[in-house]
Every structure is written in structure tokens, then in C-alpha cells.
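One-letter residues, chain by chain:
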Amino acid sequence: MVSMKDISAVCGVSVATVSKALNDQSDIGKETKRRIRQVAEEMGYFPNTAAKMLKTNRSYNVGVLFNHEDYSGLTHDYYASVLDSLKRTVEERGYDITFINTCKEKRGTTSYLEHCRSRGFDGIAIVCTDFYSPEILQLVMGGIPTVTLDHLFHNVCAVMSNNVKGIEDLLTYVYKKGHRRVAYIHGADSAVTQSRLASFYRTADRFNLTAPDEYIRMSPYRDTKGACRETEFLLNLENPPTCILYPDDFSAFGGYNAIKERGLRVPDDISVAGYDGIRIARHIEPTLTTLCQDTEELGRQVGEKLINLIEQPKTTLVETIVVDGHVFEGNSVADIHGGTKDTAARRKEDGGVDYI
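Described below are features of the structure shown in this document. (Residues numbered from 1 in each chain as written. Predicted model: local features only at pLDDT ≥ 70, side-chain atom pairs only at ≥ 80, totals over all residues. Heavy atoms only, no water.)

1. Some details on the nonpolar core
Stage number 1. The biggest cluster of nonpolar side chains holds 26 residues, and the ones touching the most others in it are Leu86, Val127, Leu149 and Val159.
Stage number 2. Those elements giving two or more residues to this core turn out to be β1 (61-66), α5 (77-92), β3 (123-128), β4 (146-149), β5 (157-161), α13 (295-311) and β11 (320-323).
Stage number 3. Core analysis: the second largest hydrophobic core is formed by 21 residues, Ile244, Ala252, Tyr256 and Ile259 among them. (Core = buried A, V, L, I, M, F, W, Y, C linked by side-chain atoms within 4.5 Å. Buried < 20%, exposed > 50% of the residue type's maximum accessible area, 1.4 Å probe, protein only. Helix = DSSP H or I, 4+ residues; strand = E, 2+ residues; numbered from the N terminus.)

Here's what the structure looks like:
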């Protein structure tokens, strides 16, 4: 195995000079640096990772905890996009990422904290998990630099999608389209859901919109069957909504199905809006109106903040970074300012199709 001492002998320079050249330090000449690097490549030199770890006290490896409850894994559009951005960000800073083993059968009695310490992770990004688990609380308080996504812990860095503003912007858009009967099918209970639901009520109150209990429904995230079932419930109401907001774009597809099965049309008969901004939602007909989360920026901020905590622990602030999204208008929310046709008129025009 070629060492820096071997390279120094061939180049006629000190080992220290070779080290500076290979680590791209600026206090040696460009030509000397170029020649040393060329010789190192020709001799087949590879850095000794173990020695580097001993010298710097770093593994240049960060752990990513991703344990989604519906087992969708990396097929989950939102998280896949965030993780891709996170991966590119830390790699640009010279780090690798390793997914933390979430299988209890494989880890046995070893906790997340013990597992991360044994792997020598320089830092941890917690992207998705049961944040209320005692094992997670132990991990975030375990002294390893940590950044969480979409969840707040005391004295831990967090990157948050602006869920409050997201729902506010989406409902405001729907309101400006003339809708006054707006239903909201929200996701299962979580910090994200609580923020979005509170924002929905607050925004509705600002616009003097009535939000009756029967308009507020729950269906798990990414559950098309649950969303379909809740949509049927809303369509069966004596006074159904003119627009339905869904917990995510994938769930909105279930809403589309339920509406279509009734012989109704989006947005002619009922409007629909999703949340996330996944790519496939732009390829359905009509294109889905949705709140696009900035997954690129979310992943970048998690990565940058984590590496800064590792490399500059004394000067990096423990803070919460909030990332805004934006409304993608699509074609699934109708402008009803002119008023909606009565049931009999629409039924006549559509050849006797019965409407709720």
C-alpha cells in the first residue's frame, strides 16, 4: 500500500508537503501541488481512512433515520425528494450518508443511540419516525449533532416546512375562487397535522367561513382508500362542500376516484386541492391544484445545518429553519364567483345525471 512517505521520496519533498498537497491547502505552490497529486495518482495512492479518522476524530459519515409508518419507504415522493437533496448536499461537503437500521429484530436490545455511537456517525438527520418514542428522545439528547425535519425538540436544530402558511395560502387561493363551503380531510395526528389543522381553522375564521364538524374528516396520509371513503361521506351530506382539501396529493387521487364514480366531474361539479406538489399530480387530468413543498431547499438546509454542527459546533446556532412552499394553481379548483347552477339545471344539461 502506497503511503505519503513513498510519494515524498519520489517527489523529493517532505511528508508534510505531500499532506498539504493532497488536502488542497493553499500554502504551497500550484505547480508543486499539481506534481505531487499527479505522482500520487500514478502510484495508486488512496487516503488511509482509518488514519484520517484518528487524526480528525471524524468518520465523515452521517446517519439518516427514516422510518415511515406506512412502510412506503423511498417510494414516498415527498421524502424521496428531500433525501435526494440531503444526500447531494452532504456529499458536496465530503460526507457519506448511511441509513440507520430501524429493524428491532436486527438491532436486538441495542438502542438507536447505542447503534449510532457504535457506527461512529458524526451527526444524525432524523427525517421521519415516531418522534414521541422514548428511544428517539434518548437519541436526540445523546450528544450527537442532530437535525430533525418537521419536528421540534427543545435545544435541537430543526428544519420545518411552513405548514401553517401552506394551508393558509391554499385556503386563501380557494376562497378567492369563490368557495365558501370548504371541507378538509386531514392526515393522522402528528405535529404537522396539528399545525395544518389549526391554520385551516384560523384562516377560515379570518374569512368568516363556516367549518362544520362534518366538513372536517381524517384519513391517513397517502391512503387513497381512506380518502375515497371520506370523500363519499362528504358527497352524501345534505349540503356538500364545493371544494375538498386533501392531506396530500396521493390521497387526492382517491378523491378523484370517488367523484368520478358518482358521475361527477372535477372541477365542474366539485373542486379538489392536494398538498405536497408531487410530479405525478401534474400529469393527471385535470392537473391537481396543490401546495408545493420546497423539498430541494428542505433537504439542503438539513444537510448544511448538520455539517455546520459537526464542523463548527461553537458558532453554529441551534435554531429552527422554516422553508416556505407555494401554491401550484393547476386546474382542479373552479372559479365559482358567478354562482353555481342549481341541481335541476345541471341534471338536465347532463342527461339526467343525479347530483347530491
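Continuing now.
2. Let's talk about the environment of alanine 16
Stage number 1. Mapped onto the elements of the fold, alanine 16 is located in helix α2 (residues 15-22).
Stage number 2. For the pair alanine 16 and methionine 4, spaced 12 residues apart in sequence, the C-alpha separation works out to 8.8 Å.

3. Observations concerning helix α1 (residues 4-11)
Stage number 1. The set of residues buried in α1 consists of Ile7, Ser8 and Cys11. Seen along its axis, α1 keeps its buried residues to an arc of 100°; they face one direction. Among the exposed residues of α1, those pointing more than 90 degrees away from its buried face are Lys5, Ala9 and Val10.
Stage number 2. As for α1, its buried residues are in contact with α2 and α3 (30-42).
Stage number 3. Positive phi shows up at glycine 12, right after α1, with a value of about 70°. (Arc of directions from axis to C-beta. Contact = heavy atoms within 4.5 Å.)

4. Quick word on the pattern of salt bridges
Stage number 1. Per the counting criterion, the structure on display carries 15 salt bridges.
Stage number 2. The closest approach of N and O atoms between arginine 88 and glutamate 296, which form a salt bridge, is 2.8 Å. With arginine 88 in helix α5 and glutamate 296 in helix α13, this residue pair connects regions lying 208 residues apart in the sequence.
Stage number 3. Taking the relative accessible area as the measure of exposure, arginine 88 reaches 33% and is therefore partly exposed.
Stage number 4. What makes glutamate 296 partly exposed here is its relative accessible area of 39%.
Stage number 5. Taking the shortest distance from any N to any O, the salt bridge between arginine 300 and glutamate 297 comes out at 2.9 Å. Of the two residues, arginine 300 and glutamate 297 are both situated in helix α13; the distance of 3 residues between them amounts to about one turn of the helix.
Stage number 6. The partly exposed category is assigned to arginine 300, whose relative accessible area is 33%.
Stage number 7. Judged by its relative accessible area of 22%, glutamate 297 is partly exposed. (Salt bridge = Lys/Arg side-chain N within 4 Å of Asp/Glu carboxyl O.)

5. Overview of the packing of helix α9 (residues 163-176) against helix α10 (residues 191-206)
Stage number 1. Across the interface, α9 lies against α10 with an axial gap of 8 Å and an inter-helix angle of 40°. Relative to α10, the element α9 is oriented oblique. Read as a crossing pair, α9 and α10 show a hand that is right-handed. Contact residues: Asn163, Val164, Ile167, Glu168, Leu171 and Thr172 in α9; Val192, Ser195, Arg196, Ser199, Phe200, Arg202, Thr203, Ala204 and Arg206 in α10.
Stage number 2. Here the contact of α9 with α10 is built from residues that sort into 6 nonpolar, 5 polar and 4 charged. (Axes fitted to C-alpha atoms, helices over the stretch in contact; angles between N-to-C directions. Parallel < 35°, antiparallel > 145°, perpendicular 65-115°, else oblique. Left-handed = near helix turned anticlockwise from the far one by under 90°. Nonpolar A, V, L, I, M, F, W, Y, C, P; charged D, E, K, R; others polar.)

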